[in-house]
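# Breakdown of the fold
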Amino acid sequence: MTSAPDAPEQGFRLSQLIYDTRYRSLTIQAIVFILVMGGAAWLVDNVIQNLNDLGKDFNFSFLGQRAGYDIGNAIIPYNNDMSHGRALLVGLINTLWVSFLGCVAATIIGIFVGVLRLSKNWLVARLMTVYVEVFRNIPVLLWILVAIALLTDVAPSPNAYKVNQQTGEAQASMLLDSVAFTNRYTAIPSVHFDRSLGSLDTALAPISLNFLALVIVLIASIWVNKRMLTHAAKVQEATGVRPTMWWKSALVLIAPVVILAIALGINPEEPQIKGFNFTGGTNVSNSFVALWLGLSLYTAAFIAEIVRAGILAISKGQTEAAFALGLRANRTMSLVILPQALRVIIPPLISQYLNLTKNSSLAIAVGYLELRGTLGGITLNQTGRELEAITLMMLIYLAISLSISGVMNVYNNRVKLKER
Amino acid sequence: MSDTQAHSVAYVRDTMLPQQPAPAGQSGAVQWLRENLFSGWLNTLLTLLGVALIYTLVMHFLPWFLHGVWDANSIKECRTIITDRYGEGATGACWAVIRERWHQFIFGFYPPELYWRPILTFLLLFVAVGPLLFTWVPRVLAWFTPVYPFLAVWLLWGGSGWTPVMIFAGFVLGAAILLLLSPRLGSIMAFSIGAFVAILYFLFVVGPLIGGLQAILPWGLESVDSAKFGGFLLAITLGVGGIMMSLPLGIVLALGRQSDMPLVKGFSVVFIEFIRGVPLITLLFVASLLLNYFLPPGTNFDIILRVMILVTFFAAAYIAEVIRGGLAALPRGQYEAADALGLDYWKAQRLIILPQALKISIPGIVSTFIGMFKDTTLVVFVGLFDPLKGIPDFIRADFNWKGIYWEPFIFVGAIFFILNFAMSRYSMSLERRLQRDNH
Amino acid sequence: MKKSVFFGALTAATLTAGLAGAATLDDVKSRGELICGVNTGLVGFAAPDANGNWSGFDVAVCQAVAAAVLGDPSKVKYVPTSGQTRFTALGSGEVDLLARNTTWTFSRDTDLKLQFTATNYYDGQGFMVRKDSGVTSAKELDGASICIQTGTTTELNLADYFKANNMSYQPITVDSNAEGEQQFLAGACDAYTTDASGLAATRAAFANPSDYVILPEIISKEPLAPAVRQGDDQWTDIVRWTVFALIGAEEYGVTSANIDELAKGTDNPEVNRLLGTEGDLGAMIGLDKDWAVKAIKANGNYGEIFAATIGEQTPIGLARGLNAQWTQGGLMYAPPFR
């Protein structure tokens, strides 16, 4: 401690590890590394010892065993003879599905509310403020519970749709003869083809070739349409006159799909009450609808604030400048305001998507079986493999989150202001 | 000049007319209505839709609210009273459940004769955070802030009075060593020694010491088991405790993430991103199902503490990001000025960077707290009695209140709304004030 | 930093206090309290009243064990566990005893490393439907929506039953009995399935119980038994024989009313051995001589507990059925005390 610090010729001393800034960071990192690794080793050691004491092991072979339970709202084919791994997949797809639909609905409602909050209409602006404040400040769990309680309390039971033998009338009637709201699900028509091209058997689910053909035709039409628009733009640049495009676009986009669909004999299969429940058509369970509604309405309140802030962030000068250039109001919006506002809006928007996806694990409150319900719920319980199941579940959620933030980073890099 | 004109042009007036009132459509309420509600077909449509919406909601819910019954002992009694008063088929709220069970919504199963303890703790919370959050609170009160956590834990859980005193003494010991030695050994060595001594004290000395002192001079409060916590007491304890404990960890993580040292940065990033990437509910399951696997065999402590640990980790990751934002928002010049003064890293952080960064982070921290406070309702899924689902489910298990849904929802929702709305308004006003200060 | 270290210290303090060795009995004694895992709320079996005091059929087992071990039936801490968390709570040592209408099955006994002590209730899974649905047999439930609690054996039984009878159903999963009731009452499902005793308890609490019927089919065997951790034989014996003592007491006519009288000595050597006036059975399981007296005094014998919590005089109104003494044509059969 007494030796002068400026005596490098003395060679390396131990105290340099702490006091010399060249080495200090190495020292600190070494210590941190040792502490973290030591901690990790301690945890792993404890796990091994605890598993030993309980006579358990750590392996994932349970994923191959027969699940034995049923899932009420599987999107891909599933029955109780399939494995726990398959049940996991069903849950994962349900998670992604409700998250995706939730994000779509939340975005639509959010933009709507956010724009209306800025409206000059006093009443509407106040109403939207109330909506945003009420939904933001109350836990999402309450909204999900309210949604399920409303759905089960208000809607009639499927029995009400049965035609009474004596009176010849049913208590409740279906919307447009094809949609029935009940206290357990909403029955909607499903698409049915008279002529089937067969189906492609993938590991995940059999994909109807009819459907595949429609998608391929649609993609092809979009591609052709894009080529036509590029061509039109070229013509416009060369001659100054833009050829009329809207009916050509419409024709290219719609006609092939419609023709193919009719050729395949498309028709809606309408739900019919039979026995206890509706058959034919698709029954969308109330637990799904409640979760979806709760998540969307809650997240929409946040998105509305993001949209509002994004629009307010663009200075008025931009609008005025655009007007000065002779741009009309809608062109100003699409060419000047929106591109700039989006740069502000998108990053927090994506983090709301992330929150919504994570909040979808609240399905536990309404009994919708998604990833947490299958893998982290029934499978965990029936096999007693909590360590494996929860680890796997966390890793899957982590992977979903990281992919979403990965997309955000790519977008951010693309729209980043190129500063000089 | 006017003279000639006055004579040559007959219709020019030479006196001012008294001011006329604006036309009926251009003034007062009518004008306001026209400008704000009916300024175009779209606006008119929106207004009508809005009015229709309000009308429907009011028509649906107002009678139900107005028919509310406060004095009944069961839901059946409520229904009979409503039918008697308003006729067959009338619906009404049964607020009697709130009157009878409000204390469970607020305090859970905390012994009623000890309610003064959580209430006092809650009031003292404002004294403790006042100096940090409000400028008009006298600075003198700031000495109370570090004492508060110990006092709060003691008030809520009770037990020997020596426990908080002696544990606080441990920190004083560590801090004293740090202050005494740092001029001679430098802050890093002094900190290491201080921390080491404090840890030794906590591991080996504090337990016997408390036991001994308690034997000589017993004083304390009746201890209350964690299992008795429920309702908003539980939610607030978890929320406030989680945020308070996560602040130090969050600061360390935020600094770690900004660090030049790749290992430190790497560990911080992995921790933050992992916690932020998984739903809180999975972390709560870790607390309830897995934590025992990660601890030495045979260790076991109660579920509230386990949940608190995981909630702290969760909050720390979010707080770290908020503080990172605060650090990033500081002008580069502040860092450079600290360097120019010759301050080392910790001095620069302590004296220049962190005070400013934390100050601009407060709105973000408050938002994080609101989020956390809402999320504490999820603890119901690991068997704790949260105010939103745990307590109402428990009340519904009683024969008298079976089938009561909306009243608890509305009551609990309203409390959540009031607390969170107040906090978010505070955070917004603070944000505005900070913006003013900076310009 | 300060605060987190403080809680670290608190944790350390709790850790040392909660160190659980292999001998659960010693732990319970040194703690002075039995930690008992119970249902989060099933009227009749385990439910807290308005003041948070627990009572019920399962709770009585906890209290009997606490009385036998600690001499005081009130020295119990109740930890509400869900279907999901119950086994972990037991395995991790969070609770000493799981008395939470848990079905004794092969894989739970072996793979989950539990030790079931003695069946205290023979149950079976049944269905409840609305009377006006006109359903009289479970075989008529083809295509029905069925509410079912997750994390229980009932899920698997249900799948098996419908498969065996070549019928289809829509499962509506609920998290707790309370939620199942709500959904069923609101008509979100045609039938509610759980253990028949649970159905009876649930139905009893409805506003109009007579509007609902419990179908005659019992589709599974559900022997409900208190469970403990595997590997502590002494503790297993204590819980097992406490339950048997309650069952045996009913058989021998020992009730909470006459126990003080009988404990002075009787002509029946079996009763004498049970009540500790002859021999010293208690010492063999590490308890006092009068362990069974204390256990029986807590809430009475098996029959008294049954009658007070779930019997026909209570709102739940369960008949003894399979749970009558073997002498009455039931399955309750305590091995000899000798």
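Residues numbered from 1 in each chain as written. Chains lettered and ligands numbered in written order. Predicted model: local features only at pLDDT ≥ 70, side-chain atom pairs only at ≥ 80, totals over all residues.

### Some points on the overall build of chain B
The secondary structure content of chain B amounts to 17 helices and two strands. Whereas a compact globule of 439 residues would reach a radius of gyration of roughly 22 Å, chain B reaches 31 Å, over 25% beyond that. With the C-alpha coordinates aligned to their principal axes, the bounding extent of chain B is approximately 105 × 75 × 40 Å. Buried positions account for 37% of the 439 residues belonging to chain B. Nonlocal contacts in chain B, meaning residues at least 24 apart in sequence, comprise 68% of its contacts between residues at least 6 apart. (Helix = DSSP H or I, 4+ residues; strand = E, 2+ residues; numbered from the N terminus. Rg over C-alpha atoms; globule rule 2.2 N^0.38 Å. Buried ≥ 20, exposed ≤ 12 C-beta atoms within 10 Å, placed from the backbone. Contact = placed C-beta atoms within 7 Å.)

### Some points on the interface of chain B and chain A
With 44 residues of chain B at the interface, the matching set in chain A holds 46 residues. At the level of secondary structure, the elements contributing two or more residues to the side of chain B that touches chain A comprise α3 (41-66), α9 (187-216), α11 (262-277), α12 (280-294) and α17 (406-438) of chain B. Per-element accounting of the side of chain B that touches chain A gives the leading share, eight residues, to α12 of chain B. Broken down by class, the residue content of the side of chain B that touches chain A amounts to 29 nonpolar, twelve polar and three charged. (Nonpolar A, V, L, I, M, F, W, Y, C, P; charged D, E, K, R; others polar.)

### As for the UniProt feature "domain: Solute-binding protein family 3/N-terminal" (unreviewed entry) in chain C
Per the UniProt annotation, the sites labelled "domain: Solute-binding protein family 3/N-terminal" (unreviewed entry) are residues 33-262 of chain C. The span residues 33-262 of chain C is 34% helical and 24% strand by assignment, and the distance between its end C-alpha atoms comes to 28 Å. (UniProt positions renumbered as here; feature names shortened; annotations may be inferred.)

### What to know about the nonpolar core
Membership of the largest hydrophobic core comes to 263 residues, with the highest contact counts inside it found for Ile144 of chain A, Leu284 and Val307 of chain B together with Cys36, Cys62 and Val65 of chain C. Broken down by element, the residue count for this core peaks at 17 residues, all from helix α13 (residues 303-329) of chain B. Leaving out residues up to four positions away in the same chain, Val65 of chain C has contacts with Leu34, Leu97, Ile238, Val239 and Thr242 of chain C. By size, the runner-up hydrophobic cluster in this structure holds eight residues, among which are Trp162, Phe171, Phe202 and Val206 of chain B. (Core = buried A, V, L, I, M, F, W, Y, C linked by C-beta atoms within 7 Å.)

### Quick look at the interface of chain A and chain C
Many structure descriptions define interface size as the accessible area lost when the parts assemble. Taken together, the 26 residues of chain A in the interface contact 30 residues of chain C. Secondary structure elements with two or more residues in the side of chain A that touches chain C: α5 (140-154) and α11 (371-383) of chain A.

### Description of unusual backbone geometry
Most of the time, phi is negative for any residue but glycine, and the peptide bond is trans. Residue and element names in this part refer to chain C. You will see that Lys113, though not glycine, has its phi angle at about 60°, which is positive. Here Lys113 shows up in the loop between α5 (106-110) and β6 (114-116). The residue Asn166 is not glycine, and still its phi comes out positive at about 60°. Position of Asn166 among the secondary structure elements: in the loop between α6 (153-164) and β10 (169-174). Accessibility expressed as a C-beta count within 10 Å gives 7 for Asn166, which makes it exposed.

### Let's talk about the domain arrangement of chain C
All names here are of chain C. By domain assignment, chain C separates into domain 1 (23-122 + 224-328) and domain 2 (125-220). Between domain 1 and domain 2, the C-alpha centre-to-centre distance is 29 Å. Counting from both sides, the interface comprises 18 residues of domain 1 and, opposite them, 15 residues of domain 2. In the side of domain 1 that touches domain 2, the residues fall into eight nonpolar, ten polar and no charged. (Domains from an automatic or database assignment.)

### Structural notes on α3 of chain B
A rise of 1.5 Å per residue sets the reference length of α3 of chain B, with its 26 residues, at 38 Å; its end C-alpha atoms lie 36 Å apart and thus fit the reference within 8%. Those residues of α3 of chain B that fall on the buried side of the exposure criterion are Asn43, Leu46 and Gly50 of chain B. (Expected span 1.5 Å × (residues − 1).)

### Here we look at the sheet that holds strand β1 (residues 180-181) of chain A
Residue and element names in this part refer to chain A. The antiparallel open sheet is built from three strands, whose spatial order is β1-β2-β9. At either margin of the open sheet sits one strand with a lone partner, and together these are β1 and β9 (282-285). Examined bridge by bridge, β1 and strand β2 (residues 185-188) share two bridges and lie antiparallel to one another. When the bridges of β2 are listed, Phe181 appears paired with Thr186. Contacts from helix α8 (residues 286-313) reach β2 and β9, with the element oriented near 55° to β9. (Pairing = 2+ DSSP bridges. Axes fitted to C-alpha atoms, helices over the stretch in contact; angles between N-to-C directions.)

### Comments concerning helix α8 (residues 196-204) of chain C
Residues and elements named next belong to chain C. When you tally the buried positions in α8, you get eight out of nine residues, the bulk of the element. Listed as buried for α8 are Ala196, Ser197, Gly198, Leu199, Ala200, Ala201, Thr202 and Arg203. Those residues of α8 that are buried are in contact with β7 (121-123), β8 (125-130), α7 (177-185), β11 (191-195) and β12 (212-214).

### Side note on the packing of helix α9 (residues 233-251) of chain C against helix α13 (residues 291-299) of chain C
Residues and elements named next belong to chain C. Between α9 and α13, the least distance of the axes is 10 Å, while the angle of their chain directions is 70°. Classified by the interaxial angle, the pair formed by α9 and α13 is roughly perpendicular. Residue-level contacts link Thr242, Ala245, Leu246 and Ala249 of α9 to Ala292, Ala295 and Ile296 of α13. A class-by-class count of the residues in the contact of α9 with α13 yields six nonpolar, one polar and no charged. (Parallel < 35°, antiparallel > 145°, perpendicular 65-115°, else oblique.)

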